[in-house]
Structure formats: C-alpha cells, structure tokens
Protein chains: 2
Amino acid sequence: MPEFMDVHRNMVGITQEALRAAHDADLAIQGDESVDFKSAWADPESGLVYCLSEAPSADAVRRIHERAGHPADEVHPVPIRV
Amino acid sequence: MPEFMDVHRNMVGITQEALRAAHDADLAIQGDESVDFKSAWADPESGLVYCLSEAPSADAVRRIHERAGHPADEVHPVPIRV
C-alpha cells in the first residue's frame with residue numbers, strides 16, 4: 001500500500017490531547033477508505049502537523065481528514081523511504 | 001531526546017539510491033552532534049523530503065545536514081506525537 005505524508009498548517013498551540021483527539025477521529029472512520037494513519041507529529045509553535053499514512057490514494061487521505069473535521073493543506077505520496 | 005522533522009525542497013527526481021546515499025552521509029557523522037536520524041520519506045514528483053530525527057537541538061540537525069552536503073530548508077521541533 002502506498003505511503004503518504006500530509007501536512008496541516010495553522011495549528012498553533014495544538015496540545016497532546018488535541019492531537020490525540022484528531023487522530024482518534026481519523027482512526028474511527030479510516031476503514032471506510034482503507035486508510036491506515038500510522039503516526040502524527042506536531043509543532044505547536046509553528047502550527048505544523050505531519051501525518052504519515054498508508055492509503056490507496058492521496059484523495060482517500062484527503063477525504064478521511066475532511067470528514068474528521070481537519071482537512072489537510074498538502075498530501076504528498078512518499079514512495080521512497082529509508 | 002527531542003524529536004525534529006526537517007524538510008528539504010527542490011529534490012525533484014530523487015531516487016531510492018540517492019536518498020539512501022544522503023541518509024548514509026548523515027549517519028556517518030551524526031554522532032558528532034548526538035543526532036539520530038531515524039527515517040526519511042521522499043516524493044520525487046514534488047521534490048519534498050521529510051526527515052525524522054532525535055537530537056539535542058534543531059541547530060544540531062542543521063549542522064549535520066549541512067556538513068553532509070544537503071542543508072535542510074526547514075527544521076521543526078515536534079514535541080507532540082501520536
């Protein structure tokens with residue numbers, strides 16, 4: 001399954017609890033699109049959040065994040081990994 | 001040890017072999033700054049590369065990437081993770 005890195009901006013001040021709640025909202029519906037959100041990393045100062053997932057397409061990632069209430073600003077396939 | 005996500009742009013066309021070589025160049029000298037580069041993900045189409053590391057500071061990450069020949073465009077602390 002392809003991997004994707006997506007980026008959320010404007011999340012300044014995000015907390016551990018808020019990131020957990022957002023991630024849980026993704027997990028609750030990700031099966032509808034065969035997406036597997038694996039990890040997310042947040043910088044409360046810059047407001048950047050990075051999410052790593054496996055999914056059939058970038059659009060599937062976008063749809064889950066949108067339905068969960070936090071649309072991604074960018075979704076990038078990352079077919080190369082070390 | 002704090003975690004950091006750094007971003008390289010303008011890497012359009014990057015290959016698995018090139019990412020491996022760049023990562024190996026980091027690994028060869030990372031001990032000088034107590035940095036641990038854990039994973040990197042690349043999108044050859046957009047030219048974006050994301051690197052996850054543990055390090056004492058963002059500057060330590062910057063110095064290793066610079067000395068290895070591929071300065072980062074952004075280095076963000078990511079103190080929050082799920």
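Further up the page is the structure itself.
Please read these numbers as outputs of a predicted model, since none were measured by experiment. (Residues numbered from 1 in each chain as written. Chains lettered and ligands numbered in written order. Predicted model: local features only at pLDDT ≥ 70, side-chain atom pairs only at ≥ 80, totals over all residues. Heavy atoms only, no water.)

In this complex, chain A contributes 29 residues to the contact, which on the side of chain B involves 29 residues. When the two sides are added together, the surface that chain A and chain B hide from each other amounts to roughly 2400 Å², 64% of it contributed by carbon and sulfur. In terms of surface lost to chain B, no three residues of chain A exceed Trp-41, Ile-80 and Val-82 of chain A, which account for 35% of the buried area on that side. Counting across the chain A and chain B interface gives zero salt bridges. Here chain A is connected to chain B by eight residue pairs in polar contact (both at pLDDT 80 or more). (Contact = heavy atoms within 4.5 Å. Buried area = accessible area lost by both parts, 1.4 Å probe. Salt bridge = Lys/Arg side-chain N within 4 Å of Asp/Glu carboxyl O. Polar contact = N/O pair within 3.5 Å; in protein donor to acceptor, adjacent residues only side chain to side chain.)

All names here are of chain A. Of the positions making up helix α2 (residues 58-67), those classed as buried are Ala-58, Ala-60, Val-61, Ile-64 and His-65. In an axial view of α2, the angular spread of the buried residues amounts to 160°, which keeps them on one side of the axis. Lining the buried residues of α2 we find β1 (3-8), α1 (16-29), β2 (36-43), β3 (48-54) and β4 (74-77). Positioned one or two residues after α2, Gly-69 has a phi angle of 95°, which is positive. (Buried < 20%, exposed > 50% of the residue type's maximum accessible area, 1.4 Å probe, protein only. Helix = DSSP H or I, 4+ residues; strand = E, 2+ residues; numbered from the N terminus. Arc of directions from axis to C-beta.)

On to the relation of the copies chain A and chain B, then. Relative to chain B, chain A is turned by 180° and slid 0.0 Å along the rotation axis, the superposed coordinates differing by an RMSD of 0.0 Å. Viewed as a symmetry operation, the transformation between the two copies matches a two-fold axis. Among all C-alpha atoms of chain A, that of Tyr-50 of chain A lies closest to the rotation axis, at 4.8 Å. Taken as a fraction of all interface residues of chain A, those also at the interface in chain B reach 100%, which identifies the copy contact as same-surface. (Least-squares fit on C-alpha atoms with pLDDT ≥ 70 in both.)

Let us look at the sheet that holds strand β4 (residues 74-77) of chain B. The sheet built from five strands is open, its strands ordered β5(A)-β2(B)-β3(B)-β1(B)-β4(B) with antiparallel pairing. Because the sheet does not close on itself, it has two edges, and the strands there are β5 (80-81) of chain A together with β4 of chain B. Pairing between strand β2 (residues 36-43) of chain B and strand β3 (residues 48-54) of chain B: seven bridges, direction antiparallel. Residue pairing in the sheet places Asp-36 of chain B in a bridge with Glu-54 of chain B of β3 of chain B. (Pairing = 2+ DSSP bridges.)

What follows covers the packing of aromatic side chains. Applying the stated criterion to the full structure yields two aromatic pairs over all chains. Geometrically, the ring pair formed by Trp-41 of chain A and Trp-41 of chain B is tilted, given 5.9 Å between the ring centres and 55° between the ring planes. Of this pair, Trp-41 of chain A sits in strand β2 while Trp-41 of chain B sits in strand β2, on two different chains. When the ring of Tyr-50 of chain A is compared with that of Tyr-50 of chain B, the centres are 5.7 Å apart and the planes differ by 65°; the resulting orientation is edge-to-face. Of this pair, Tyr-50 of chain A sits in strand β3 while Tyr-50 of chain B is found in strand β3, placing the two residues in two different chains. The class of Tyr-50 of chain B is buried, set by a relative accessible area of 2%. (Phe/Tyr/Trp six-rings, centres within 6.5 Å; stacked < 30°, edge-to-face > 60°.)

The values reported here are purely geometric and, on their own, carry no functional implication.
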